[in-house]
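Take a look at the letters that make up each chain.
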Amino acid sequence: MGEIAVDEALVRDLLLQQHPDLAGLEIREVNGGWDNQMWRLGEEFAVRIPRTPRAPELLRIEQQWLPSLAEELPLPVPVPVRSGEPSERFPKTWHVVRWVSGEPADRTPISSAGSAETLAEFLKALHQKAPADAPVSPRSTRLSDHVDGLEQWFPYADASEAALRRTWEAAVAAPVWQGAPVWLHGDLHPANVVVADGALSGVIDFGELCAGDPATDLAAAWVLLPADSANRFFDAYGDVDDAMIQRSLGWAVAKSLALLSIGRAGDRGLPGGKKTWGPAGRAAIARVLDHARS
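Since the structure is predicted, the reported quantities are computational estimates derived from the model, not experimental observations. Along every chain, residues carry numbers that run from 1 in the direction the sequence is written. Selection of residues for local features in this predicted model requires a pLDDT of at least 70, selection of side-chain atom pairs for listing and counting requires 80 or more, and totals for whole chains, interfaces and linings are taken over all residues. With hydrogens and water excluded, all non-hydrogen atoms of the structure serve as input to the side-chain values.

(A) A look at the sheet that holds strand S5 (residues 94-98). Two strands make a pair as long as DSSP finds a minimum of two bridges between them. Numbering of helices and strands runs from the N terminus; a helix is a DSSP stretch of H or I covering at least four residues, while a strand is a stretch of E covering at least two. Pairing within the open sheet is antiparallel, and its 5 strands lie in the order S1-S2-S3-S5-S4. Of all strands in the sheet, those bounded by a partner on one side alone are strand S1 (27-30) and strand S4 (80-84). Strand-to-strand twist in this sheet, taken as the mean axis angle between neighbours without regard to direction, amounts to 25°. In this sheet, strand S3 (residues 45-50) lies alongside strand S2 (residues 36-41) in antiparallel orientation, the contact comprising 6 bridges. Within S3, the residue paired with Met 38 across the bridge is Arg 48. Between N-to-C directions, angles span 0 to 180 degrees; the directions come from axes that are lines fitted to C-alpha atoms, helices contributing only their stretch in contact.

Dropping the structure here:
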């Protein structure tokens, strides 16, 4: 975006130019977001403005695929309702989505045991066979493709490093997914779900939507849910074998270490760092290792 300042004035100007019927609604900046900066628009909508080079493509994926998928999902999701085209005022795509109420789980962790079934039902509905032209992303690939990238993060686990490595190595060695690629959220972590009264109440940020092994998303059993919820979650999801659970543990290791890395950057005041992600990563690692020992 270069020198373009994304502020309330810009957001209102963009709405006036392309969606004037929405331009009179109250606009309030929302804290958070990684690839996109978000602004609450009235009570029902939000405007998402790209802040990273890859963000416009992620928005286009949401605009193309999420409206039809959302019709089958049992939780609220940020369905795109208007698209914003590049213009002289702002040279990248942007969009207006349905607002999903709740607090991000990196700030208010899920505490309700019943969220295991809620998440399982959501993923069962999402994990349908994907079309041949579905998006692909690094989350579409096998765990073995991520070995080198993960190596730099293992030391962040401190005393848990050795046990975490064993869990990761067992996951990489597990039989790979032989089924047809299914739709994946692709990026289930605490900042991408919202919570109300301790319970999972919505899933957000579908920019990494892609097709692949369901184990990628099933890692959420440890990354999102309270301790001792994984068995309850998998019972509700159904049709899983030991290899799938092992691969899910591997993806949970990768996601937990990523949370730790970004939390560490936040503690140091580095760009892109988020302090709330560190505690979320440590809690997820504890849940992964508890399950691996059981």
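(B) Structural context of the packing of helix H3 (residues 115-126) against helix H8 (residues 230-237). The N-to-C vectors of H3 and H8 enclose an angle of 40°; their axes lie 8 Å apart at closest approach. Where H3 crosses over H8, the two elements pack in a sense that is right-handed. Note on element contacts: H8 touches H3 through Arg 232, Phe 233, Ala 236 and Tyr 237, opposite Ala 116, Glu 117, Leu 119, Ala 120, Glu 121, Leu 123 and Lys 124. Partitioned by chemical class, the residues of the contact of H3 with H8 number 7 nonpolar, no polar and 4 charged. Each crossing gets its handedness from the near helix: less than a right angle anticlockwise from the far helix is left-handed, clockwise is right-handed. Contacts are assigned to residue pairs that have any heavy atoms within 4.5 Å of one another. The classification used treats Ala, Val, Leu, Ile, Met, Phe, Trp, Tyr, Cys and Pro as nonpolar, Asp, Glu, Lys and Arg as charged, and all other residues, Gly among them, as polar.

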